[in-house]
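Residues per chain are reported as follows:
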Amino acid sequence: MADHSSSVFSQIARAPEDPILGVTVAYNKDSDPSKLNLGVGAYRTEEGNPLVLNVVRQAEQKLVNDPSRVKEYLPIVGLADFNKGSAKLIFGADSPAIQENRVATVQCLSGTGSLRVGGEFLAKHYYEKTVYIPSPTWGNHPKIFTLAGLSVKTYRYYDPATRGLDFQGLLEDLGNAPTGAIVLLHACAHNPTGVDPTLDQWEQIRKLMRSKGLLPFFDSAYQGFASGSLDADAQSVRMFVADGGECFAAQSYAKNMGLYGERVGALSIVCKTADVASRVESQLKLVIRPMYSSPPLHGASIVATILKDSNLYNEWTVELKAMADRIISMRKQLLEALQARGTPGDWTHIIKQIGMFTFTGLNAEQVAFMTREHHIYMTSDGRISMAGLSSKTVPHLADAMHAAVTRVA
Amino acid sequence: MALRTPITKRFISSSHASRSISSWWKHVDPAPKDPILGVTEAFLADPHPDKVNVGVGAYRDDNGKPVVLDCVREAERRIAGNLNMEYLPMGGSNKMVEETLKLAYGDDSDLIKDKRIAAIQALSGTGACRIFADFQKRFSPDSQIYIPVPTWSNHHNIWRDANVPQRTFHYYHPESKGLDFAALMDDVKNAPNGSFFLLHACAHNPTGVDPTVEQWKEISYQFKVKGHFAFFDMAYQGFASGDPERDAKSIRIFLEDGHLIGCSQSYAKNMGLYGQRVGCLSLVCEDEKQAVAVKSQLQQLARPMYSNPPVHGALIVSTILGDPDLKQLWLKEVKGMADRIIGMRTSLRENIEKLGSTLSWEHITNQIGMFCYSGMTPEQVDRLTKEFHIYMTRNGRISMAGVTSGNVEYLAKAIHEVTKAA
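Residues numbered from 1 in each chain as written. Chains lettered and ligands numbered in written order. Predicted model: local features only at pLDDT ≥ 70, side-chain atom pairs only at ≥ 80, totals over all residues. Heavy atoms only, no water.

**What to know about unusual backbone geometry**
Moving on, step 1. In the segment running from Asn191(A) into Pro192(A), the intervening peptide bond is cis, with an omega of 20 degrees.
Moving on, step 2. If you trace the backbone, Pro192(A) turns up in the loop between strand E7 (182-186) and helix H8 (199-211).
Moving on, step 3. Note the cis peptide between Val149(B) and Pro150(B), where omega equals 0 degrees.
Moving on, step 4. With respect to the helices, strands and loops of the structure, Pro150(B) is situated in the loop between strand E3 (145-149) and helix H7 (153-161).
Moving on, step 5. For Asn101(A), which is not a glycine, the phi torsion comes out positive at approximately 60 degrees.
Moving on, step 6. Here Asn101(A) is to be found in the loop between helix H4 (96-99) and strand E2 (103-108).
Moving on, step 7. In this structure Asn101(A) comes out as exposed when scored by relative accessible area, which is 55%. (Helix = DSSP H or I, 4+ residues; strand = E, 2+ residues; numbered from the N terminus. Buried < 20%, exposed > 50% of the residue type's maximum accessible area, 1.4 Å probe, protein only.)

Spelled out as structure tokens, the structure:
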């Protein structure tokens, strides 16, 4: 008789903690009252609490009070109103691509899900299987694309010397990429560095990419959250759509609508013609069906409710700007606190960088020191989530950074 | 600073670009419609007043309307406005997973007490099967999956996209419209030792044909002899007989025999949470340490797919199952749905027999769960759709949940019409 009592998986080793989500795991284990979680990019109020937007609460109430609402399966491509609204949000309501029905939009599980579905579609239907991702980038990007069936290369992005953009390096690396290669672009508020190209630089990137037939794949996780303006934060994407060419865009509502755990996002593929877009949509269904059949209903219903109602939409833009403004204010306060302490070094990148994160420039040893001695939780690449700071906790962080810089190499 | 790469030579002006460069996606073929979900699309597009949708397996009440269970409405009322929407852990809601494991493995399961089960919240049954398939590919890369004939069509898609080779095993016996038990056992015996099998725990989809308790015991025994791995897809617990404990019998038999099974659970049908995408994937391990390792690896597969699962549906489940009164209400409502379907089976069979059909229709009441495998051919199904505006999948599968006292006579008449001898 074959041995049925031992597991077919007995050789399996325990996987390492996810570098980002693992930070919160470690934070939760710490009992020190002064502990500070600057790890995962989830917005916190001045009081350090998670925030559910008023417009979201209102949308929720509308949904729960509507007795006609049912829980039927969504179509494979998701909620139609949500898809239409999302495409308008990123491309602009007057976008010719939308007017001409050239956009295939599918609801996906937040940014991660949108990137994964897009990646699998590319692995199946695109002749070039290499995707270029910026160095550094969100830790989950390479895993998503690798599991989707693509191979991953990097292009230079961050310049540690200036704590800004390595623009020449970027142009060189994209210039050397094979024709047709896929290029992942952070639409705004680059994660983890907070360093974005200027509009002029975006224009140069666009020209280069179009001349080489490189395929743009935008990851837009912070629209409205970076500058406070939804339109301003979508400029990079709209620039590429305006030239009539094709591109991919992954959108997330995790941060800008605070819908994190509801997993709401969209993948849009801008195509040359409406006929191509329709065929592309049909093929996207074949990627989605064996992954999870159809996307979750609740979060998309909240988003659609808000996007369709002009009062709720306007209220949303106000709440969004308030979040962005609070983060910008935290940046100013942190810089001032470091300058007041006479912390060695130039810290102006803190206010030059944009979005949820600051790439401090601290090294892994300094980060470990800050965690050990000061109970500051952040990723080992030196990234801090500004959203996790408040006026009350800025001094604690500034003290910890000052100590790290002066005592740890 | 001059650019090292001269792009001016190959630069095409932006307005020119849109005219001269063609789409990267010209070669993309239109995909075939999903055989199941495409049926509802066609149904919705039909303006005929007598149209009947017995296609997709979503429950309908006796008025043909979708149902949101009372326990779900109450849970939603409690949830709305009260909680934040922070990310769940990668493995999902612990509370929801704990309650879900109790359903499959038993409230007093030693496996749960001993923490031997690696489990994560998944995107309903589809998501649970897909993560398992990816896990199987990664950690048993030389294995294949044995899939019953027939099965839910998406099973083939799932294991194919996970790059796990597929084989089939005999299941449905067309002549008797029941189980081809002898051939099934032959296939189990002839498969190489240590093969991976996909089993429907109850209410087989699409046939509604389940092994008896005795047959399950024999299958389990033979699996022990061969050292096979059993992966149970349980999408209808509670929905088949009305009693969740009874519907989990196949799994309990395997557990008693010491099998280290895998299991996919879905709340789409039995809690009516279809669009919320709530489910669970579990793997029984040798000990707690192994369960921790396996769970961590399952999370590694979830992270690059969707990072963490959606919170709302999980909250509904844990609110209901965590409250004894709500749980009792749920059990009552699940039994109500199962009973209505069992009632419709009886009614459909009686109506067809009343019309004088010379064929045997006892399979309608022998089969169990949401579906009836009618035995009708694709051509007969096409006639049902064209002439009677009745929508179902071309394999002859009828979703009994779509049958009501209002349409059962019409349906019986149409079925009799297309199946009677010319």
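Having put the structure on the table, let's press on.
**Description of the sheet that holds E7(A)**
Residue and element names in this part refer to chain A.
Moving on, step 1. With mixed pairing, the 7 strands of this open sheet are ordered in space as E2-E10-E9-E8-E7-E3-E4. Sheet topology places E2 and strand E4 (151-156) at the edges, where each strand pairs with a single neighbour. Within this sheet the neighbouring strands show an average axis-to-axis angle of 25 degrees, counted without direction.
Moving on, step 2. In terms of strand pairing, strand E8 (residues 215-220) meets strand E9 (residues 247-252) through 4 bridges, oriented parallel. Its bridge partner lying in E9, Phe217 is registered against Phe248.
Moving on, step 3. Packing of helix H5 (residues 110-125) onto the sheet brings it into contact with E2, E7, E8, E9 and strand E10 (265-270), and relative to E9 it is tilted by some 155 degrees. (Pairing = 2+ DSSP bridges. Axes fitted to C-alpha atoms, helices over the stretch in contact; angles between N-to-C directions. Contact = heavy atoms within 4.5 Å.)

**A few points about the state of the cysteines**
Moving on, step 1. With the rule as written, the count across this model stands at 0 disulfides over all chains.
Moving on, step 2. The structure places no disulfide on Cys188(A), whose sulfur is separated from the nearest cysteine sulfur, that of Cys247(A), by 15 Å. (Disulfide = S-S within 2.5 Å.)

**What about the interface of chain B and chain A?**
Moving on, step 1. With 97 residues of chain B in contact, the opposing surface of chain A contributes 96 residues.
Moving on, step 2. Regarding the contact of chain B and chain A, the summed buried area is about 8300 Å², with carbon and sulfur atoms giving 60% of it.
Moving on, step 3. Remark: the boundary between chain B and chain A carries 6 salt bridges.
Moving on, step 4. With a closest N to O distance of 3.7 Å, Asp161(B) and Lys124(A) form a salt bridge.
Moving on, step 5. In this assembly, chain B and chain A are joined by 30 residue pairs in polar contact (both at pLDDT 80 or more).
Moving on, step 6. Mapped by element, the contributors of at least two residues to the side of chain B that touches chain A are helix H1 (14-20), helix H2 (37-45), helix H3 (70-79), helix H6 (124-139), H7, helix H9 (213-226), helix H12 (288-306) and helix H13 (311-321) of chain B.
Moving on, step 7. Among the elements that make up the side of chain B that touches chain A, the one with the highest residue count is H12(B) (12 residues). (Buried area = accessible area lost by both parts, 1.4 Å probe. Salt bridge = Lys/Arg side-chain N within 4 Å of Asp/Glu carboxyl O. Polar contact = N/O pair within 3.5 Å; in protein donor to acceptor, adjacent residues only side chain to side chain.)

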